[in-house]
Amino acid sequence: MLNVTMIELTAYALQVLLIILAIAIVVHRNNGTIIILITSFSLVTASLYIINKAPDVAIAEVAIGSAIIPLIYVISISRQREFIVLDKAMDDFIISDNQFTGVGYILLKRFTDLYHLELNITNDARLCSLGAGRDQLLCEQTNVDLIITKDEETNTYILKGKKSSVLLQKLDSMAKDYDNIEVVQFKDRDFGD
Amino acid sequence: MDPILTFVVILIGFYGLSTSTNIIKSVFCVTIIESGVILLFLNLGNLDGGTIPIVGEGVTMIADPLPQALMITTIVIGSTVTALALMLCIKVFHHYGTVEWAEILRREEGK
């Protein structure tokens, strides 16, 4: 005669399922698949919390563990590959003949393809209206990676970014082929941490 | 419920943490360990087989409510730790151009 109740049987089945899901998360390579697996992992742990007589913890786990944490992962994985460029020059450096065929665009596209980045060029009016003296502050305090400005006298384009970035040193060596492009790297300032 | 099976989940998390080559993968493994620890705490507070901790008439044995209150805090703090770790991961990617541990160490030594 079986002397285990239905609840105990369910608990064992869920625990074995939990171990299988944990192994699947550890061995999988694709981040998109792992996000789906971690959502189901959270739902299985929430059912185990209820079996352990803790419904309040189960509510918190369903709300946070299986809704907010996958959202955080999705946002951060999609944001990670973004390379944000602020175009202050706004002439044919990026867009010529209403198409993305400018010299600067081709250089930046070559550079971002090298690192499998996603190029995102913006000319946000609020950020562009700030003076040139505040470019370094803009680089440090917002998520802008590169700022394009134009020197009207010498007719050269200046690309500004943070010096600590390895990406920018590569861009500097790539831009040496062009005469009218100059890369300026801001030094890291010590914030006294 | 068996605390040994819960402990296996924690060990799988530690195995993944020590063998992962990717920063994002390490953050996933921290999430697994956290879930395992919560389950172990709740399991140890409920070994005698009580009921849900709401005291009423005819209720003699309840599950220990103290670990449950602590574990709600753990879930909330765990989500913020995940968010902070992933934010640092994005910063590392923009600094080194990769999120592989070995590649980051190689570039740091090559400077």
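Residues numbered from 1 in each chain as written. Chains lettered and ligands numbered in written order. Predicted model: local features only at pLDDT ≥ 70, side-chain atom pairs only at ≥ 80, totals over all residues.

Broken down by element type, chain B carries four helices and zero strands. The C-alpha atoms of chain B give a radius of gyration of 19 Å, which is well past the 13 Å a tight globule of 111 residues would have. The proportion of buried residues among the 111 residues of chain B is 31%. Put simply, of all contacts in chain B between residues at least 6 apart along the chain, 49% involve residues at least 24 apart. (Helix = DSSP H or I, 4+ residues; strand = E, 2+ residues; numbered from the N terminus. Rg over C-alpha atoms; globule rule 2.2 N^0.38 Å. Buried ≥ 20, exposed ≤ 12 C-beta atoms within 10 Å, placed from the backbone. Contact = placed C-beta atoms within 7 Å.)

Let us look at the sheet that holds strand β1 (residues 82-87) of chain A. Residues and elements named next belong to chain A. The sheet built from five strands is open, its strands ordered β2-β1-β3-β4-β5 with mixed pairing. Whereas interior strands pair on both sides, the edge strands pair on one side only; in this sheet they are β2 (118-122) and β5 (181-186). Sheet twist, expressed as the mean angle between neighbouring strand axes with direction ignored, is 25 degrees. Note that β1 and strand β3 (residues 146-151) share three bridges and pair parallel. Bridged to L86 within β3 is I147. In the packing of helix α4 (residues 103-114) onto the sheet, the strands contacted are β1, β2, β3 and β4 (156-162), and the crossing angle to β2 comes to about 145 degrees. (Pairing = 2+ DSSP bridges. Axes fitted to C-alpha atoms, helices over the stretch in contact; angles between N-to-C directions.)

Glancing now at the nonpolar core. A22, I25, Y49 and V57 of chain A together with F28, I32 and L42 of chain B are the most contacted members of the largest nonpolar core, which totals 33 residues. At the level of secondary structure, the elements contributing two or more residues to this core comprise α1 (6-27), α2 (31-51) and α3 (55-80) of chain A together with α1 (3-19), α2 (23-44) and α3 (65-96) of chain B. The element that contributes the greatest number of residues to this core is α2 of chain B, accounting for nine residues. (Core = buried A, V, L, I, M, F, W, Y, C linked by C-beta atoms within 7 Å.)

One can describe the packing of α1 of chain A onto α1 of chain B by two numbers: an axis separation of 10 Å at closest approach and a directional angle of 0 degrees. In terms of orientation, α1 of chain A and α1 of chain B fall into the roughly parallel class. Of the residues in α1 of chain B, those touching α1 of chain A at Q15, L18, I19, A22, I23 and V26 of chain A are L5, V8, V9, I12, G13, Y15 and G16 of chain B. Class assignment of the residues belonging to the contact of α1 of chain A with α1 of chain B gives a composition of 10 nonpolar, three polar and no charged. (Parallel < 35°, antiparallel > 145°, perpendicular 65-115°, else oblique. Nonpolar A, V, L, I, M, F, W, Y, C, P; charged D, E, K, R; others polar.)

Let's shift gears to the interface of chain B and chain A. Taken together, the contact pairs 40 residues of chain B with 40 residues of chain A. Of all the elements in the fold, those that place two or more residues in the side of chain B that touches chain A are α1, α2 and α3 of chain B. A total of 15 residues in the side of chain B that touches chain A trace back to one element, the largest contributor, which is α3 of chain B.

If you check the backbone angles, K53 of chain A has positive phi at about 65 degrees while not being a glycine. Looking at the element boundaries, K53 of chain A is found in the loop between α2 and α3.

Attention now moves to the environment of S35 of chain B. Following the sequence through the fold, S35 of chain B ends up in helix α2. A tally of 28 C-beta atoms within 10 Å means that S35 of chain B is categorised as buried. When neighbours within four sequence positions are excluded, S35 of chain B is seen to be in contact with F41 and T45 of chain A.

Residues and elements named next belong to chain A. Bridge count between β3 and β4: five bridges; the pairing is antiparallel. Bridging from a neighbouring strand, D151 pairs with T156 of β4. Between the end of β3 and the start of β4, which pair antiparallel, lie four residues, with N155 showing a positive phi angle near 60 degrees.

Both β4 of chain A and β5 of chain A contribute to a ladder of six bridges, which runs parallel. Pairing of K160 of chain A across the sheet is with V184 of chain A, part of β5 of chain A.

All right, on to the domain arrangement of chain A then. Domain parsing of chain A yields domain 1 (6-79) and domain 2 (82-186). Between domain 1 of chain A and domain 2 of chain A, the C-alpha centre-to-centre distance is 42 Å. (Domains from an automatic or database assignment.)

To continue, consider the confidence of the model for chain A. Per-residue confidence for chain A gives a mean pLDDT of 81, with 91% of residues at or over 70. Mean pLDDT values over the elements of chain A span from 73, in helix α5 (residues 125-128) of chain A, up to 93, in α2 of chain A. (pLDDT = per-residue confidence, 0-100.)

Our focus in this paragraph is α2 of chain A. Residue and element names in this part refer to chain A. With 21 residues, α2 ought to run about 30 Å at 1.5 Å a step, and its terminal C-alpha atoms sit 30 Å apart, in line with that. When we look at burial in α2, the residues that qualify are I34, I38, F41, S42, T45, A46, L48 and Y49. Down the axis of α2, the sector holding all buried residues measures 160 degrees, keeping them to one side. Along α2, exposed side chains directed more than 90 degrees from the buried face belong to G32, T33 and I36. (Expected span 1.5 Å × (residues − 1). Arc of directions from axis to C-beta.)

A few words now on the environment of C89 of chain B. Note on placement: C89 of chain B falls in helix α3. A sequence separation of 81 residues divides C89 of chain B from V8 of chain B, and the C-alpha atoms of the two residues are 28 Å apart. Those residues within four positions of C89 of chain B in sequence are excluded, and the remaining contacts are S76 and Q80 of chain A together with I23, I24, V27 and V99 of chain B.

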